[in-house]
Amino acid sequence: MDESTTQHAQAQQRQEPGETRRNIGRRVAYAVGNLGQAAFYNTMSTFFITFVTTALFVNVDKALAARMIAVITGLVVVIRIAEIFLDPLLGNLVDNTDTRWGRFRPWQFIGGIVPGILLVMVFTGLFGLVDVNTGVFMVLFVVVFILLDVIYSLRDISYWGMIPAISTDSHERGVYTALGTFTGSIGYNGVTVIVVPIVSWFTWKFTGQWAQGRSGWAAFAIIIAVLGLLTAWSVAFGTRENQDQLRAKAREGGNPIQAFKAIAQNDQLLWVALSYLLYSVANVATTGVLFYQFKYVLGAPDSFSIAGVIPIVTGLVTTPLYPVLNRRIPRRWLYTAGMAFMIAGYTLFIINPMNLPMVIVALVLFYLPAQTIQMTAILGMTDSIEYGQLKTGRRNEAVTLSVRPMLDKIAGALSNGIVGFVAVAAGMVGDATAADMTAANIRTFKTCAYYLPLGGIVLSLVVYLLTVKIDEKMHEEIVAKLEEQLGGGDGVDAE
């Protein structure tokens, strides 16, 4: 080895610790982002409705308040359904963003500050306008809420869409996905733990009453908004998009029609999406009626908190293990094992839903693989970006990864209908108690809550095993082929 080569190697060795520290710093910055993002999402999706129904219209006539609540809750449902078609368009907007800071980081910057301001406006009744003029309030509220939902969606899509821009390595993507999922679990479930104490304390501080008043909700919204700002800006300023040749030489994302076409042409994305959708619908069909399991089947509604503690604990345990396991076990088998755990959990639910210890074991088996299944699906969709690029020449990062939140919204929209149907069909409504449940009621409940979702889980696994071909090895081959074509100056023509 000549002297210049030796000096170059020594220089690389000196740089390695610094580069390692930078990589760790970027991972931490990225992980922090989903802490506030998930907390923000839970605030919007769960506690916003709680605020509307309990505190927003306290100074309004009760009859008028009831109509206002109905309008707002209906609006939320309509917006959620509309977003099924909106998310790919937002992904296309992100994909066509061209700035010196990259495609994704600008939306993290904007998504940190604007939704926070709008969230505070919503949780203060547009700064008290609800008490002054309800008509004007409702018009402006619709505009504010739609803007809040759209810009938050841009933040969410750009956050997960950034992973393929950070690395083309499947395992490195797995690390970032696991980190984001881990902090997201803390942020989402942590809000459930702190919301009542925070709202109650600030209500007492401002009014002298220990309750969940509007002033307490406003303070809570400010805290979530600040948390959302800091964590989004952690991603905006603490991460970096790699501009390798796969990204630099890819054709632009195209117009909205081409965005939908990119999804339709990517068969591996669609198969992963179908498997994940079947899983998601089955999952929400069961989790949505677990309260009825405890109240009407077990006759122990006070024990329902168990169903909230178990997913927190299992998520905190399994999520950090995913990258470690994935280095030794292919994703296909992790997904299969996760589905096997869920099938075992459903089997115990069906065998004896009236035995609390067995239900607890079933819940552990049900929730244990949840993060593993979700991360495997996310990584499958992420790796399909290069698959789609090889087929069409277009690199649709954000559009491709907008499919996952779109599927979650479809499942969430179905959840409301499923829960209502199960409650009515099984007679679990009004002042009914566990003592009123007949054998027919229990059978109806088990069919809707366990048998049918179990069928969905089995079908999800069958679809995945028979149709999803893209795995770590195949992805490496695709990346190598793209690098050879693009590096050699040969563009990839569209079909």
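Residues numbered from 1 in each chain as written. Predicted model: local features only at pLDDT ≥ 70, side-chain atom pairs only at ≥ 80, totals over all residues. Heavy atoms only, no water.

- In the annotation of an unreviewed UniProt entry, the protein is listed under the name MFS transporter and assigned to Bifidobacterium myosotis.

## Let's talk about the overall build of the protein
- When helices and strands are tallied, the protein shows 20 helices and zero strands.
- Every one of the 495 residues in the protein was classed for burial, and the buried ones make up 53%.
- Considering only residue pairs separated by 6 or more positions, the protein has 81% of its internal contacts joining residues 24 or more positions apart.
- Roughly 21600 Å² of accessible area belongs to the protein as shown, and the carbon and sulfur atoms make up 66% of that amount. (Helix = DSSP H or I, 4+ residues; strand = E, 2+ residues; numbered from the N terminus. Buried < 20%, exposed > 50% of the residue type's maximum accessible area, 1.4 Å probe, protein only. Contact = heavy atoms within 4.5 Å. Areas by Shrake-Rupley, 256 points an atom, 1.4 Å probe, with all protein chains shown as cover.)

## Remarks on the pattern of salt bridges
- Inspection of every chain in the model, using the stated rule, returns eight salt bridges.
- Among the ionic pairs, Glu172 bridges to Arg27, the shortest N-O distance being 2.7 Å. Highlighted residues: Glu172 in helix H7 (residues 170–207) and Arg27 in helix H1 (residues 3–56), separated in sequence by 145 residues.
- Owing to a relative accessible area of 17%, Glu172 belongs among the buried residues under this scheme. (Salt bridge = Lys/Arg side-chain N within 4 Å of Asp/Glu carboxyl O.)

## Digging into the packing of H7 against helix H16 (residues 370–392)
- Running from amino to carboxyl end, H7 crosses H16 at an angle of 135°, the nearest separation of the two axes being 10 Å. Compared by their axis directions, H7 and H16 come out oblique. The way H7 lies across H16 gives a crossing that is right-handed. Along the contact surface, H7 presents Ser170, Arg173, Gly174, Thr177, Ala178 and Thr181, while H16 presents Gln371, Met375, Ile378, Leu379, Thr382, Asp383 and Glu386.
- Class assignment for the residues of the contact of H7 with H16 results in four nonpolar, six polar and three charged. (Axes fitted to C-alpha atoms, helices over the stretch in contact; angles between N-to-C directions. Parallel < 35°, antiparallel > 145°, perpendicular 65-115°, else oblique. Left-handed = near helix turned anticlockwise from the far one by under 90°. Nonpolar A, V, L, I, M, F, W, Y, C, P; charged D, E, K, R; others polar.)

## Thoughts on the packing of aromatic side chains
- Summed over all chains, the structure comprises 32 aromatic pairs.
- Judged by centre distance (4.9 Å) and plane angle (90°), the ring pair of Trp201 and Phe202 falls under edge-to-face.
- With relative accessibility at 36%, the residue Trp201 sits in the partly exposed group.
- Put simply, the rings of Phe48, Phe51, Phe57, Phe123, Phe137, Phe141, Phe145, Trp217 and Phe220 touch in pairs and so form one group of aromatic residues. (Phe/Tyr/Trp six-rings, centres within 6.5 Å; stacked < 30°, edge-to-face > 60°.)

## Some thoughts on H7
- In this model, H7 (38 residues) spans 54 Å end to end at C-alpha, consistent with the 56 Å of a helix rising 1.5 Å per residue.
- In H7, a bend of some 45° at Ile194 exceeds every other bend along the element, and Pro197, a proline, comes one to four places later.
- The N-capping residue of H7, defined by a side-chain oxygen 3.2 Å from the backbone nitrogen of His171, is Asp169.
- Positioned one or two residues after H7, Gly208 has a phi angle of 80°, which is positive. (Expected span 1.5 Å × (residues − 1). Bend = angle between axes of the 7 residues up to and from the residue. Polar contact = N/O pair within 3.5 Å; in protein donor to acceptor, adjacent residues only side chain to side chain.)

## Focus on a nonpolar patch on the surface
- Together, Val309, Val313, Val317, Leu321, Leu325, Ile329 and Trp333 line one region of the surface with nonpolar side chains, adding up to about 610 Å² of accessible area.
- Per-element accounting of the nonpolar patch gives the leading share, five residues, to helix H13 (residues 306–326).
- Mapped onto the fold, Val309 is located in helix H13.
- Here Val309 falls in the partly exposed class, since its relative accessible area comes to 48%. (Patch = residues over 30% accessible without salt bridge, like charges linked within 9 Å, V, L, I, M, F, W, Y side chains within 5 Å.)

## Describing the packing of helix H3 (residues 105–123) against helix H5 (residues 134–161)
- With their axes 9 Å apart at the nearest point, H3 and H5 run at an angle of 150° to one another. As the angle between them shows, H3 and H5 are arranged roughly antiparallel. In the packing of H3 onto H5, the handedness of the crossing is left-handed. Counted together, Trp107, Gln108, Ile110, Gly111, Val114, Pro115, Leu118, Leu119, Met121 and Val122 of H3 and Phe141, Val144, Leu147, Leu148, Ile151, Tyr152, Leu154, Arg155, Ser158 and Tyr159 of H5 form the full contact between these two elements.

## Some remarks on the nonpolar core
- Within the largest apolar cluster, 62 residues are counted, with the highest numbers of intra-cluster contacts made by Tyr346, Leu363 and Phe445.
- Among the elements that line this core, the one with the most residues is helix H19 (residues 439–467), at nine residues.
- Dropping the residues within four chain positions of it, Phe445 is found in contact with Val289, Tyr292, Gln293, Val297, Val422, Ala426, Met428 and Tyr450.
- Leu118, Leu119, Val144 and Ile198 belong to the second-largest nonpolar core, a separate cluster that totals 40 residues. (Core = buried A, V, L, I, M, F, W, Y, C linked by side-chain atoms within 4.5 Å.)

## Section: the side chain of Thr203
- Tracing the sequence through the fold places Thr203 in helix H7.
- A residue is classified by how much of its surface remains accessible, and Thr203, at 2% relative accessible area, is buried.
- In terms of polar contacts, Thr203 uses its side chain to reach the backbone amide nitrogen of Gly213, at 3.0 Å.
- Excluding anything up to four places from it in sequence, Thr203 contacts Gly208, Gln209, Ala211, Gln212, Gly213, Ser215 and Gly216.

## Quick look at the environment of Thr286
- Note on placement: Thr286 falls in helix H11 (residues 267–287).
- Sequence-wise, Thr286 and Ile418 are 132 residues apart; in three dimensions their C-alpha atoms are separated by 9.3 Å.
- Discounting residues that sit within four places of it in the chain, Thr286 has contacts with Tyr346, Phe366, Ala449, Tyr450 and Pro453.
- Polar side-chain contacts of Thr286 include one of 2.9 Å to the backbone oxygen of Ala449.

## So, unusual backbone geometry
- Phi at Leu126 is positive, roughly 55°, even though this residue is not glycine.
- Along the chain, Leu126 falls in helix H4 (residues 125–128).
- Residue Phe127 is not a glycine yet carries a positive backbone phi of 55°.
- Position of Phe127 among the secondary structure elements: in helix H4.

## Things to note about helix H10 (residues 256–265)
- Among the residues of H10, Ala259, Ala262 and Ile263 are the ones counted as buried. All buried residues of H10 fall inside an arc of 95° around its axis, so they share one side. What points out from H10, more than 90 degrees from its buried face, is the exposed set Ile257 and Ala264. (Arc of directions from axis to C-beta.)

## Regarding the confidence of the model for the protein
- Model confidence for the protein is summarised by a mean pLDDT of 84, while 90% of its residues fall at 70 or above.
- In the predicted structure, residues 489–495 sits below a pLDDT of 50 and forms 18 contacts with residues beyond four places in sequence or in another chain. (pLDDT = per-residue confidence, 0-100.)

## As for the environment of Tyr296
- With respect to the helices, strands and loops of the structure, Tyr296 is situated in helix H12 (residues 290–297).
- Here the alpha-carbon distance between Tyr296 and Asp436, two residues 140 residues apart in the chain, equals 8.4 Å.

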